[in-house]
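Reading the structure
One-letter residues, chain by chain:
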Amino acid sequence: MDDRYAQIIKSLSKAKDIAVYCHTNPDGDALGCLLALGTALLNAGKKVSMYCDSPVAEKYKCLKGYEKITFPQKGVHELAISVDCASIDRLGQCMKSYLSAKSQIAIDHHKSFARFAELCLVEGDAAACAQIVFKLLKQMKAIDKDIAGLLFSSLVTDSGCFAYSSVTTETHTIACELLEYGINGSEIIYDVFRSTEMNRFNLKRRALNSIRFFENNSIAVITFTKEDFQATQTDTSDTEGLIAEIIAIRDVKVAYSLAEVGVRNYKLSIRTKPTVDASEIAMTMGGGGHSAAAGCRINGYTEDVIEKIVKLAKVRM
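The structure contained in this document is the topic of the report that follows. (Residues numbered from 1 in each chain as written. Predicted model: local features only at pLDDT ≥ 70, side-chain atom pairs only at ≥ 80, totals over all residues. Heavy atoms only, no water.)

**Examining the packing of helix H2 (residues 28–43) against helix H5 (residues 145–158)**
- Interhelical geometry of H2 versus H5 gives an angle of 165° and a closest axis separation of 7 Å. Between H2 and H5, the crossing angle belongs to the class labelled roughly antiparallel. The interaxial crossing formed by H2 with H5 has left-handed handedness. Only Ile-147, Leu-150, Leu-151, Ser-154, Thr-157 and Asp-158 of H5 make contact with H2, whose side of the interface consists of Gly-28, Asp-29, Gly-32, Cys-33, Leu-35, Ala-36, Thr-39, Ala-40 and Asn-43.
- Among the residues forming the contact of H2 with H5, the class breakdown is seven nonpolar, six polar and two charged. (Axes fitted to C-alpha atoms, helices over the stretch in contact; angles between N-to-C directions. Helix = DSSP H or I, 4+ residues; strand = E, 2+ residues; numbered from the N terminus. Parallel < 35°, antiparallel > 145°, perpendicular 65-115°, else oblique. Left-handed = near helix turned anticlockwise from the far one by under 90°. Contact = heavy atoms within 4.5 Å. Nonpolar A, V, L, I, M, F, W, Y, C, P; charged D, E, K, R; others polar.)

**Thoughts on the packing of aromatic side chains**
- If you walk through the whole model with that rule in mind, you get six aromatic pairs.
- On the basis of an interplanar angle of 90° and a centroid distance of 5.4 Å, the ring pair of Tyr-21 and Tyr-98 is categorised as edge-to-face. Highlighted residues: Tyr-21 in strand S1 (residues 17–22) and Tyr-98 in helix H3 (residues 95–100), separated in sequence by 77 residues. The pair formed by Tyr-21 and Tyr-98 is uniform in burial state, with each residue classed as buried. (Phe/Tyr/Trp six-rings, centres within 6.5 Å; stacked < 30°, edge-to-face > 60°. Buried < 20%, exposed > 50% of the residue type's maximum accessible area, 1.4 Å probe, protein only.)

**So, the sheet that holds strand S7 (residues 212–214)**
- Ordered in space as S7-S8-S9-S10-S12-S11, the six strands form an open sheet in which the pairing is mixed. A single partner strand is all that each edge strand has here, and the edge strands are S7 and strand S11 (288–289).
- Across eight bridges, strand S9 (residues 254–262) lies against strand S10 (residues 265–272) in antiparallel orientation. What sits directly across from Ser-257, in S10, is Ser-269. (Pairing = 2+ DSSP bridges.)

**Some thoughts on the pattern of salt bridges**
- Enumeration according to the criterion identifies twelve salt bridges in this entry.
- A salt bridge links Lys-138 to Glu-177; its shortest N-O distance comes to 3.0 Å. Of this pair, Lys-138 sits in helix H4 (residues 129–139) while Glu-177 sits in helix H6 (residues 169–179), placing them 39 residues apart in sequence.
- A salt bridge links Arg-316 to Glu-280; the nearest nitrogen and oxygen atoms lie 3.9 Å apart. Of this pair, Arg-316 sits in the segment after helix H12 (302–314) while Glu-280 sits in helix H11 (residues 278–283), placing them 36 residues apart in sequence.
- Residue class for Arg-316 comes out partly exposed when judged on its relative accessible area of 24%.
- According to the relative accessible area criterion, Glu-280 is partly exposed, its value standing at 40%.
- Several salt bridges converge on common partners, so that one network encompasses Arg-4, Glu-123, Lys-135 and Glu-170. (Salt bridge = Lys/Arg side-chain N within 4 Å of Asp/Glu carboxyl O.)

Any functional reading would require information beyond the geometric quantities listed.
See below:
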């Protein structure tokens, strides 16, 4: 057994009060890992808290146990574990609670991971954090049908339904093992990857009109404004996945999704073809991620922001 896995299993075995955390504005991988690990620990008889500083998006309320995810209250936990979190600030308002625990563990798969815990289990080449959590829980003999469904949901969302370049033989092998628990793979794929609500579809229709192309269509920027969110009764969580349709355009090498979250403040998502490293672009602005998918927050007037990110893409192509 890998020493890192053995150390974490030992820590989990000893601790009685454990809090599991995922990043702010969680995606399917973060939520699936949080719920899978939290459920396994509950099944083992531990006192478990599952924390996130953002509400669960409507599309992920199909994940079993999502209602158990709360915001930290006062109190100090014996052990804190973060999943799918590349840096301490990604915990958002849960950061204080995480750091107040007597000991901390971080489990992550981002290339840009910045060490912030005493014990870190990081595999930057994993397509999803779920691959790491799966191997951990498998060694603990803690996987059942419900947990398998959660981990499969994580794999599906972070691998782009197994279509991204980060997908490896290991990704497919784990997916096959999870299906052996009797879960309905096609139903999970529909629920977390393909299905959409009408208001989210209307947001997409509005935003598609905002797409701008640069450098002979090699760079694309799609913008979501506060007015778009208000008109369609959506929020930034509803922009997830739409950028994948932009990077799928044959000529586009770098795709940006710019979502307005405050006064001159934006959530920037980046997707790239193999010739450009998305994480390098994100890290210049204090963000991070993977070679093909990354993100950050950026401030400024819209046109100035677009000019900046286009220049950052140009110098890397």
